[in-house]
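Below, each chain spelled out in residue letters.
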Amino acid sequence: MFKDMAIPYPHFENNIMVATSNSSSSIPPVILTQDELKKIAAYKAVEFVESGMVLGLGTGSTAKHAVDRIGELLRLGKLKNIVGVPTSKKTHEQALSLGIPLSDLDSHPVLDLAIDGADEVDPNLNLVKGRGGSLLREKMVEGVCKKFVVIVDESKLVSHIGASGLAMPVEIIPFCWKFTAERLRMLFEDSGCVAKLRLGSNGEPFVTDNGNYIVDLYFKKDIGDLKAASDSILRLAGVVEHGMFLDMATTVIVAGELGVEVKNRYYWSRGQRNL
Ligand SMILES: O=C(CO)[C@H](O)[C@H](O)COP(=O)(O)O
């Protein structure tokens, strides 16, 4: 493991990292919250950013730290000539407020690097994303970057996709959403799938930046072949995109109990991304 934090013997208590000093040290106990871990992962990822890059800017509480840091380094003159391509309206607003020059995929169809969070990361660096509702734009942007760096705290690591018991989101068109939700559920009936329309805080359907709905899928059992699952979801008329990001992450930075771990996918060097 790549250790990067000067904090001895940390462990987790109720999702909070507690670092206690060892007997020969006078360093007092340090407690890091989950948000501080997210920030540590985000700052580590921004070390990959170089002046002149076109960057995919992710969405969510972890990515927000990375965007803040990029804005700060631009303001300090430590980064120059950065162009950002935001993955949501929210990130667009944040980046504008930080003075990060922005563009889009029409003008920049290939990006140098994207940094974003994830909801689940499996041992093969496959991801679930989109609990923040931005999966479609994230997949479009992160699918065309030469390097995709994912930033998580270690609570996001799972043995297999769906194992957290939390949602795997699917963006669908609003037309006859119940019909599409039921067809999604039936695809994964053998895995005990439950399909729920995502609601906003006002009790109305959550509407994505693209004017669509989200159906959250919950699995009681492993869904098995992820590529087959992906293909069968995408074959359903009414589905726009799903939140499984398969073979997309090139690096995953995990901040956790023992420090910061940088996990790399090695297919990169074999040129399989073809951008
Ligand atoms: O995919 C996403 C938004 O669509 C987020 O990256 C994902 O939900 C992780 O969020 P957070 O960093 O807040 O835990």
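First things first, this report covers the structure right here in the doc.

Quick notes on the rules
- Residues numbered from 1 in each chain as written.
- Predicted model: local features only at pLDDT ≥ 70, side-chain atom pairs only at ≥ 80, totals over all residues.
- Heavy atoms only, no water.
- Pairing = 2+ DSSP bridges.
- Helix = DSSP H or I, 4+ residues; strand = E, 2+ residues; numbered from the N terminus.
- Axes fitted to C-alpha atoms, helices over the stretch in contact; angles between N-to-C directions.
- Core = buried A, V, L, I, M, F, W, Y, C linked by side-chain atoms within 4.5 Å.
- Buried < 20%, exposed > 50% of the residue type's maximum accessible area, 1.4 Å probe, protein only.
- Contact = heavy atoms within 4.5 Å.
- Phe/Tyr/Trp six-rings, centres within 6.5 Å; stacked < 30°, edge-to-face > 60°.
- Lys NZ or Arg CZ within 6 Å of the ring centre and 35° of its normal.
- Arc of directions from axis to C-beta.
- Salt bridge = Lys/Arg side-chain N within 4 Å of Asp/Glu carboxyl O.
- Near = heavy atom within 4 Å.
- Polar contact = N/O pair within 3.5 Å; in protein donor to acceptor, adjacent residues only side chain to side chain.
- Areas by Shrake-Rupley, 256 points an atom, 1.4 Å probe, with all protein chains shown as cover.
- Nonpolar A, V, L, I, M, F, W, Y, C, P; charged D, E, K, R; others polar.

**Observations concerning the sheet that holds strand β15 (residues 251-256)**
Taking strand neighbours across the sheet as the criterion, the 6 strands line up as β5-β4-β6-β9-β15-β16 in an open arrangement whose pairing is mixed. For this open sheet the edge positions go to β5 (83-86) and β16 (259-264), each flanked by a neighbour on one side alone. Adjacent strand axes in the sheet meet at a mean angle of 20 degrees when their direction is disregarded. Sheet topology places strand β9 (residues 145-153) next to β15; 5 bridges connect them, and they run parallel. Its bridge partner being in β15, Ile-151 is matched across the sheet by Ile-253.

**A word on the nonpolar core**
Within the largest apolar cluster, 26 residues are counted, with the highest numbers of intra-cluster contacts made by Val-49, Leu-55, Ile-70, Ile-82, Ile-100, Ile-115 and Ile-151. When residues of this core are traced back to their parent elements, those giving at least two are α1 (34-46), β4 (54-57), α2 (61-75), β6 (111-116), β9 and β15. Contacts of Ile-151, omitting those with residues within four sequence positions, involve Ala-41, Ala-42, Ala-45, Thr-62, Ala-63, Ala-66, Ile-115, Asp-116, Gly-117, Ala-118 and Ile-253. Counting 22 residues, the second largest nonpolar core, distinct from the first, contains Val-128, Val-170, Leu-197 and Leu-236.

**Overview of helix α4 (residues 135-142)**
Of all 8 residues in α4, 6 are buried; the element is thus mostly enclosed. Among the residues of α4, those classed as buried are Leu-135, Leu-136, Glu-138, Lys-139, Val-141 and Glu-142.

**A few points about the packing of aromatic side chains**
Across all of its chains, the model carries 1 aromatic pair by this definition. The cationic tip of Lys-196 hangs over the ring face of Tyr-218; the distance from NZ or CZ to the ring centre is 5.3 Å. Taking the ring centre of Phe-206 as reference, the NZ or CZ of Arg-198 above it sits at 5.6 Å.

**Describing the sheet that holds strand β14 (residues 244-245)**
Strand order in the open sheet formed by 3 strands is β7-β8-β14, with antiparallel pairing between adjacent strands. A single partner strand is all that each edge strand has here, and the edge strands are β7 (120-121) and β14. Relative to strand β8 (residues 127-128), β7 runs antiparallel, the two sharing 2 bridges. Looking at β8, one finds that Glu-120 is bridged to Val-128.

**Here's the deal with helix α5 (residues 177-187)**
Taken together, the buried positions of α5 are occupied by Thr-180, Ala-181 and Leu-184. What you see down the axis of α5 is that its buried residues fit within an arc of 100 degrees, all on one side.

**Some remarks on the pattern of salt bridges**
This model, assessed by the stated rule, comprises 14 salt bridges. Note that Glu-241 is salt-bridged to Lys-139, the shortest N-O span being 3.0 Å. Of the two residues, Glu-241 sits in strand β13 (residues 239-242) while Lys-139 sits in helix α4, which places them 102 residues apart along the sequence. One exposure class covers both Glu-241 and Lys-139, and it is buried. Here Asp-247 ties to Arg-265 by a salt bridge, and the two come within 3.5 Å at their closest N and O atoms. Within this pair, whereas Asp-247 is found in the loop between β14 and β15, its partner Arg-265 is found in the segment after β16, the two being separated by 18 residues in sequence.

**Some words on the site of the ligand**
Residues in contact with the ligand amount to 17 residues; listed here are only the nearest, Ser-61, Thr-62, Asp-119, Gly-130 and Lys-156. For the ligand, an oxygen atom lies 2.5 Å from a polar atom in the side chain of Ser-61. The side chain of Lys-129 places a nitrogen or oxygen atom 2.9 Å from an oxygen atom of the ligand. When the ligand sits alone it has 380 Å² of accessible area, and the protein chains cover 92% of it. When grouped by side-chain class, the residues that make up the shell around the ligand number 1 nonpolar, 9 polar and 7 charged.

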